[in-house]
Amino acid sequence: MLDLVIRNGLVVDGSGLPGFSADVGVRGGRIVKIGHIAEAGHEEVDARGKVVSPGFIDPHTHFDAQLLWDGYAKPALTHGVTTVVPGNCSLSLAPLKAKHRMKLVGMFNQIEEMPNIAFETGVEWNWETFDEYVKRIGKDLSINVAPLVGHSLLRLWVMEDASMERTATSSELKAMQVLLRQCLDAGAVGLSTSFVDMDETLKPVPSRLADQEELHALCEVLAEYGRILQIVPEFYDADVTIARVDQLADLSIQYGIPTTFSPLFVNADNSNGVDRVMKRVDEQFARGARVWPQVQTRPIDISFCFAVPSLLFIRSPSWYRVMRFGSHDDILNAFRNPEQRKKMIAETTMLNMLWPRLVLRQVKTDANQQFVGKTLAEIAELRQTTPVDAMIDLSLEEDLDAHVLAGDMGHNDYARVGALLSHPRVHVGASDGGAHILSFSTYGDTGFLFSKFVRDTKSLTLEGAVKKITSDTANIWGLPDRGLLHKGYVADIAVFEADAIDRGPEYYVQDVPGNGSRYVRDAVGVDTVIVGGKVAWSRTSGYRNDAQGVVLPGQVGGAA
Amino acid sequence: MSATLSAVRRSIFPSADDTWTTIAARELKGTPEAEAVSLLQSWNMHVFMRAAASMGSPRAGKQILPSDVIFVEAPKA
């Protein structure tokens with residue numbers, strides 16, 4: 001008897017080849033047969049009329065903290081995602097000395113918009129080394145995790161406060177190499193670094209103080225393991241991004257390692273820039289380099305309220321300063337003070353085209369419920385004021401708890417985004433899962449890939465889209481035995497309806513430690529998600545607790 | 001494997017001690033210092049627009065980070 005049989009589905013195996021009707025049999029966590037299976041299974045899944053594909057792999061997340069209180073990475077798993085890569089953008093949660101914990105929380109708060117209270121109430125800090133962190137999360141995983149180690153963490157461990165002030169000495173470089181080896185031995189999938197991020201005091205994160213010698217020293221270590229380098233480039237400037245592509249290409253060729261950068265957006269003001277970046281990527285691949293641009297599927301939607309700092313205002317210092325460094329009362333007082341308010345409004349004249357189309361999405365008071373769902377232009381007309389004044393007045397009336405949506409801010413020319421996603425050297429990713437929890441939902445990008453770019457724009461075939469988020473990702477990231485439905489491969493599987501899979505509407509839910517809230521989206525059209533041969537979630541039974549996720553690629557010399 | 005790379009805007013990675021002035025002297029030889037610095041700053045707004053390191057930092061007053069890309073020519077038309 002088999003452990004699990006998935007019957008009568010359309011097997012889209014992740015290779016990009018056409019789907020075919022077959023059963024899939026699983027024993028001992030691996031796929032043992034694909035075809036007509038007479039043998040019964042201890043558990044059977046009826047997949048008639050549905051697609052059976054490898055589980056999806058999300059290569060750009062920040063689930064580092066969430067995995068400490070939620071081994072499913074909810075609700076990512078329900079969208080068919082069976083493997084997540086946390087630790088992007090130079091930030092991981094290990095290796096981390098106890099004395100640096102709050103410093104790192106500040107960075108996560110600033111860069112990934114993760115609330116401090118979630119760390120304070122949801123995290124039991126009982127690790128320092130990467131090995132200890134991996135063992136800590138590995139105890140209770142129902143999703144697979146391929147964690148990157150953050151370059152800023154290596155610097156902070158070795159150089160302490162100097163990590164944010166200067167380049168490393170030769171002995172510090174050697175210490176970072178030793179530390180990176182320890183992390184890779186413990187199961188890190190690669191190294192992440194950032195050229196753009198700032199900490200909570202708006203100082204450059206440690207990785208930005210590294211010179212070329214340091215990056216080369218770390219890539220020497222990655223070369224020993226054949227592991228990946230992920231970077232965040234200056235994505236808002238095509239010329240700088242091209243320079244980073246060249247930098248990555250040289251590292252990739254010299255050290256024989258794969259590299260990836262994220263994000264790459266198609267915006268109205270940079271469409272030519274994206275073409276130039278992709279031309280350079282093509283040239284560098286032709287030269288033998290591996291430089292994978294990561295492109296997200298969803299358009300840019302940003303929600304905000306003034307109770308927490310929003311990166312939407314980072315280029316407006318008088319707004320951002322008070323949101324970042326001021327107290328709740330400081331923000332209220334800034335809006336109440338006529339002179340300060342006037343100065344703030346004057347500073348954002350470049351946003352004058354934006355304000356009218358922002359939409360009020362939620363408020364606390366009964367009096368203002370009438371405005372929910374209306375644009376600031378509509379509200380301003382009803383209240384006989386300007387859109388920006390309407391937003392500020394509502395924020396005051398709601399004690400800063402008026403939530404506003406800036407929708408369709410970019411990356412929403414679906415024909416162009418679809419063409420980019422279908423490019424053979426574009427890596428689908430950059431969901432930011434687990435981060436920016438009060439700005440937007442980072443869940444459902446895979447569903448959106450199918451609904452928008454397979455069914456709507458037809459930029460990709462069903463098989464092509466599955467390949468993009470399964471075997472392509474496994475190959476790029478060096479995850480053996482994953483990403484394909486082939487005999488002998490690990491049974492990470494998604495069962496879904498090809499004509500229905502989608503992301504549901506974005507909504508606000510209070511499920512973050514410390515009574516915190518976040519934006520999420522439910523899956524649509526996903527039926528069953530299998531991790532390591534066991535059902536981890538199904539539409540009928542919900543989350544189950546018998547699936548055991550693993551850390552990938554796992555300890556060197558160990559079994560994943 | 002070999003392939004021809006098309007011409008892109010020329011850039012350098014600064015050394016840890018580099019300033020606008022040292023890069024100007026090295027990369028824009030023959031151009032008067034003040035003019036060279038001004039040109040560099042105008043070609044590198046992604047660096048020039050950022051706040052300099054604060055007093056008390058070993059990098060006090062510096063804008064350029066060792067990881068930066070610094071363009072040494074104007075954007076291509």
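Enquirer: I would appreciate a short explanation of helix H10 (residues 317-325) of chain A in the present structure.
Expert: For the α-helix, the turn length of 3.6 residues means that residues three or four positions removed from each other point alike. A:Trp319, A:Val322 and A:Met323 are the residues of H10(A) that are buried. The buried residues of H10(A) occupy one face: seen down the axis, they fall within an arc of 100 degrees.

Enquirer: Would you explain the sheet that holds strand S8 (residues 144-145) of chain A in this entry?
Expert: Across a sheet, strands are paired by hydrogen bonds formed along the backbone, either parallel or antiparallel in direction. Residues and elements named next belong to chain A. Taken together, the 3 strands give an open sheet; going across it, the order is S6-S7-S8, and neighbouring strands pair in parallel fashion. Two strands in the sheet have a free side with no partner beyond their single neighbour: strand S6 (56-58) and S8. As defined by bridge partners, strand S7 (residues 81-84) adjoins S8 across 2 bridges and the pair is classed as parallel. By the bridge assignment for S8, Val84 is matched with Val145.

Enquirer: Which parts of the structure should I look at to understand the domain arrangement of chain A?
Expert: Size of an interface: often given as the accessible area lost when the parts come together. Domain parsing of chain A yields domain 1 (2-54 + 525-543), domain 2 (56-301 + 409-443) and domain 3 (302-406). Each of domain 1 of chain A and domain 3 of chain A was reduced to a C-alpha centroid, and the two centroids are 49 Å apart.

Enquirer: Help me understand the confidence of the model for chain B in this model?
Expert: Chain-level statistics for chain B give a pLDDT mean of 93 and a share of 97% at 70 or above. Reported for the predicted complex are a pTM of 0.95 and an ipTM of 0.97.

Enquirer: Teacher, can you tell me more about the sheet that holds strand S9 (residues 148-150) of chain A here?
Expert: Residues and elements named next belong to chain A. A sheet is described by the order of its strands in space; here 6 strands give the open sequence S9-S10-S11-S12-S13-S17, paired in parallel fashion. In the strand order of this sheet, the two ends are held by S9 and strand S17 (427-428), each with one partner. Examined bridge by bridge, S9 and strand S10 (residues 190-194) share 3 bridges and lie parallel to one another. Within S10, the position partnered with Leu148 by the bridge is Gly190. Strands in contact with helix H5 (residues 151-159) are S9 and S10; relative to S9, the strand with the most contacts, it is inclined by about 50 degrees.

Enquirer: What is the right way to look at the packing of helix H11 (residues 328-336) of chain A against helix H14 (residues 387-397) of chain A in this model?
Expert: To describe two helices that pack against each other, one gives the angle between their axes and the distance between the axes. Residues and elements named next belong to chain A. Close contact between H11 and H14 brings their axes to 10 Å; oriented N to C, the two are set at 135 degrees. Between H11 and H14, the crossing angle belongs to the class labelled oblique. Read as a crossing pair, H11 and H14 show a hand that is left-handed. The segment H11 lies against H14, with Leu332, Phe335 and Arg336 engaging Ile392, Ser395 and Leu396. Of the residues belonging to the contact of H11 with H14, the class tally is 4 nonpolar, 1 polar and 1 charged.

Calculation rules
- Residues numbered from 1 in each chain as written.
- Chains lettered and ligands numbered in written order.
- Predicted model: local features only at pLDDT ≥ 70, side-chain atom pairs only at ≥ 80, totals over all residues.
- Buried ≥ 20, exposed ≤ 12 C-beta atoms within 10 Å, placed from the backbone.
- Helix = DSSP H or I, 4+ residues; strand = E, 2+ residues; numbered from the N terminus.
- Arc of directions from axis to C-beta.
- Pairing = 2+ DSSP bridges.
- Domains from an automatic or database assignment.
- pLDDT = per-residue confidence, 0-100.
- Contact = placed C-beta atoms within 7 Å.
- Axes fitted to C-alpha atoms, helices over the stretch in contact; angles between N-to-C directions.
- Parallel < 35°, antiparallel > 145°, perpendicular 65-115°, else oblique.
- Left-handed = near helix turned anticlockwise from the far one by under 90°.
- Nonpolar A, V, L, I, M, F, W, Y, C, P; charged D, E, K, R; others polar.

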